[in-house]
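Next come the chains, spelled out residue by residue.
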Amino acid sequence: MRLEKGTHVSDMGDEDDLDEEPGEVIESAPPLKVGEERQLGNSGIKKKLLKRGVGWENPEFGDEVTIHYVGTLLDGTKFDPTRDRDEPLTYKLGSGQVVTGLDNGIITMQKGECAVFTLASELGFGVGRRDGVPPNSVVQFEVELVSWITVVDLSKDGGIIKKIMEKGERNASPANLDEVLVKYQVMLGNGSMVAKTLEEGVEFCVKDGHFCPAFPKAILTMKKGEKAKLVIQPQYAFGEQGRDTNNGFSTIPPNSVLDVDLELVSFKHVVDVTGDSKVFKKILKEGEGSITANEGATVTISYTARLEDGTVFEKKGIDGDQPLEFVTDEEQVIAGLDQVAATMKKGEVAVLTIDHEYGFGSVEVQRDLAIVPPCSKLFYEVEMLDFIKEKAPWEMNSQEKIEAAGRKKEDGNLLFKNGKYQRAGKKYDKAAEYMSEDGTFGDDEEKLAKSLRVSCWLNGAACSLKLNDYQEAIKLCSNVLDYEFCNVKALYRRAQAYMEIADLVLAELDIKKAIEADPQNRDVKLLQKKLKQLQTESNKREAKLYANMFARVTKDSSVSAKKLKVEKLEDAKKQEVVVIEREKQVGTSAAPSGNGMAVDSC
């Protein structure tokens, strides 16, 4: 077309030059009113809005746009109008097919919008004459953005190009663990079809891959309901090997480029709840709102529980049975079900896959409907019927906070006595959180709050020591000592933690402070005795280490000296042989020969 002939390719070759500031200026400026004209930054482009578009999105460089346009000079002379041919122009934005200024104007438009762009000569046809356009002419284009297709280079190397033919719903894209339902058909460059799904599509987990390496990469960028065309280069398809006939589909020759029509019909979110791939939650139905049950909530659920072979071993809230009500994080149900329930929204339905470590462990268990064998993987289909969350600290008044903290502390104490240190530590942390310094406590209440806060930190440190989490124990004891620098329990427990991480110097300092504060404390004295034993053992190890190092150095020196002595003797013998040979050749007398040996010996 005529427009192409007048394009300054050198002006368009650099993508950085194309993606200029006019778009950014427009984004921060108020929208144009119909009939209003505005300069687009310092670009040399003016835009006059004739008709508003729909939506809020703009095309970007690399997208495939379809436009109608009429080009005119300032005196009204037309050139190359697409409307006269009733044939819109489709091209890739930023590819150099049209003048630079037109590209930079189109990226400010919405679908269906009409506008007039006035372009300075350097953004139009420049110094050359092009099809009736004189040199150095200011030109105008009346443009209608009919539509555009978003084009994305997924692999950033041209290996997977995606054109979005139909946008999906405006929600999240699938993640690597999610289960997707897709439809597709795959063709070679000659149009022959080599693969196609059944009408209902095919379901698979994204991380497991499907068909070829490009599929997961593309699906991770799609929305539910999105339809796209992919152009897949061989390195992301079947490479130099190609693919033999498979599952009734045709052979794919080596180094084939594939054209794919792909639709993401739907997907189900899958969550690794425990972070170790041993408890998965696949969401079948999204719940209401954004609030989840969380720890400490009273939840009501219905479920059907099965073994891996499909045997149902338990039902609650199904077929007239009463649903199950329990408090999360209280070990009232198996750990996997407990942790998942704390993540669910009201009305949510999910399928859980629970490894035996979070189920009934390695023992046989009799449940309502069947026996669960040792080390069984469990499958639950669960619906969250309702839950009542604990009040958050910010929802309570000061008295409620103190009462809640007291209850949590007592719960922690009971758990600690039963050896459940991790859960006890959580209770103490929660109690301390209620007692945080937020300015809501009065003077008398603040004294009680401080006492509770210190007590929970100390108890939490005791839990951390039991769990071998020495850094956490040090942190909690340090919190206490910031309030009470001579708190004997805090000094004692921090010293214990320091000793466990072999920081004997800091342990000794804490023990000295504790003895100064309470000279008769039996536990501290016993700890001091243990510290001295550790210091003695440490000194012995260091002495042995240095002795070994010294012995090694001495041995190395002795060996080196012996080696040097041998080398000197060998050199002397060699020199003696050389002298004797020389004397034989020149016929020297015995006396000079003796002097030579003496010198060589020296």
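These figures come from a predicted structure and were not determined experimentally.

Cut-offs used in this document
- Residues numbered from 1 in each chain as written.
- Predicted model: local features only at pLDDT ≥ 70, side-chain atom pairs only at ≥ 80, totals over all residues.
- Heavy atoms only, no water.
- Salt bridge = Lys/Arg side-chain N within 4 Å of Asp/Glu carboxyl O.
- Helix = DSSP H or I, 4+ residues; strand = E, 2+ residues; numbered from the N terminus.
- Buried < 20%, exposed > 50% of the residue type's maximum accessible area, 1.4 Å probe, protein only.
- Expected span 1.5 Å × (residues − 1).
- Polar contact = N/O pair within 3.5 Å; in protein donor to acceptor, adjacent residues only side chain to side chain.
- Axes fitted to C-alpha atoms, helices over the stretch in contact; angles between N-to-C directions.
- Parallel < 35°, antiparallel > 145°, perpendicular 65-115°, else oblique.
- Left-handed = near helix turned anticlockwise from the far one by under 90°.
- Contact = heavy atoms within 4.5 Å.
- Nonpolar A, V, L, I, M, F, W, Y, C, P; charged D, E, K, R; others polar.
- Arc of directions from axis to C-beta.

### Structural notes on the pattern of salt bridges
Item 1. In this structure the tally under the stated criterion is 32 salt bridges.
Item 2. A salt bridge links Arg423 to Glu330; the nearest nitrogen and oxygen atoms lie 3.0 Å apart. With Arg423 in helix 10 (residues 421–434) and Glu330 in the loop between strand 18 (324–327) and helix 8 (335–341), this residue pair connects regions lying 93 residues apart in the sequence.
Item 3. The closest approach of N and O atoms between Arg423 and Glu331, which form a salt bridge, is 3.2 Å. One end of the pair, Arg423, is in helix 10; the other, Glu331, is in the loop between strand 18 and helix 8, with 92 residues separating them in the sequence.
Item 4. Residue classification places Arg423 among the buried positions, given a relative accessible area of 11%.
Item 5. We classify Glu331 as partly exposed; its relative accessible area is 44%.
Item 6. Members of the salt-bridge network, linked through shared partners, are Glu330, Glu331, Lys420, Arg423 and Lys427.

### Here we look at helix 13 (residues 488–500)
Item 1. Between its terminal C-alpha atoms helix 13 stretches 18 Å, which fits the 18 Å expected from 13 residues at 1.5 Å a residue.
Item 2. Taken residue by residue, helix 13 has Val488, Ala490, Leu491, Arg493, Arg494, Ala495, Ala497, Tyr498 and Met499 as its buried positions.
Item 3. The opening residue of helix 13, the one whose side-chain oxygen lies 3.2 Å from the backbone nitrogen of Lys489, is Asn487.
Item 4. Just past helix 13, the residue Ala502 takes up positive phi, approximately 65 degrees.

### Considering the packing of helix 11 (residues 443–466) against helix 12 (residues 470–483)
Item 1. Interaxial distance between helix 11 and helix 12 falls to 8 Å at its minimum, and their mutual angle equals 160 degrees. Relative to helix 12, helix 11 is oriented roughly antiparallel. Once helix 11 is placed against helix 12, the crossing between them reads as left-handed. Counting all contacts with helix 11, which are made through Lys450, Arg453, Val454, Trp457, Leu458, Gly460, Ala461, Ser464 and Leu465, the residues of helix 12 involved are Tyr470, Glu472, Ala473, Leu476, Cys477, Asn479, Val480 and Tyr483.
Item 2. Of the residues in the contact of helix 11 with helix 12, the class split is 11 nonpolar, 3 polar and 3 charged.

### Some points on helix 9 (residues 398–417)
Each full turn of the α-helix corresponds to 3.6 residues, which orients residues three or four apart in the same direction.
Item 1. The first and last C-alpha atoms of helix 9 sit 29 Å apart over 20 residues, in line with the 28 Å expected at 1.5 Å per residue.
Item 2. Buried within helix 9 are the following residues: Ser398, Lys401, Ile402, Ala404, Ala405, Lys408, Lys409, Gly412 and Leu415. When helix 9 is viewed along its axis, its buried side chains cluster within an angular range of 165 degrees and face the same direction. Away from its buried face, by an angle of more than 90 degrees, helix 9 presents the exposed residues Arg407, Glu410, Leu414 and Lys417.
Item 3. Packing partners of the buried residues in helix 9 comprise helix 10 and helix 11.
Item 4. Measuring from the backbone nitrogen of Gln399 back to the side-chain oxygen at the start of helix 9 gives 3.2 Å, which picks out Asn397 as the cap.
Item 5. Count one or two residues on from helix 9 and you reach Gly419, which has phi positive near 80 degrees.

### Observations concerning the side chain of Glu226
Item 1. Tracing the backbone shows Glu226 in the loop between helix 7 (214–219) and strand 12 (227–232).
Item 2. Residue classification places Glu226 among the buried positions, given a relative accessible area of 3%.
Item 3. One polar contact links the side chain of Glu226 to the main-chain amide nitrogen of Lys223, over a distance of 3.0 Å.
Item 4. Once you skip the residues sitting within four places of it in the chain, Glu226 turns out to touch Lys162, Ile164, Glu166, Lys167, Gly168, Thr221, Leu262, Glu263 and Leu264.

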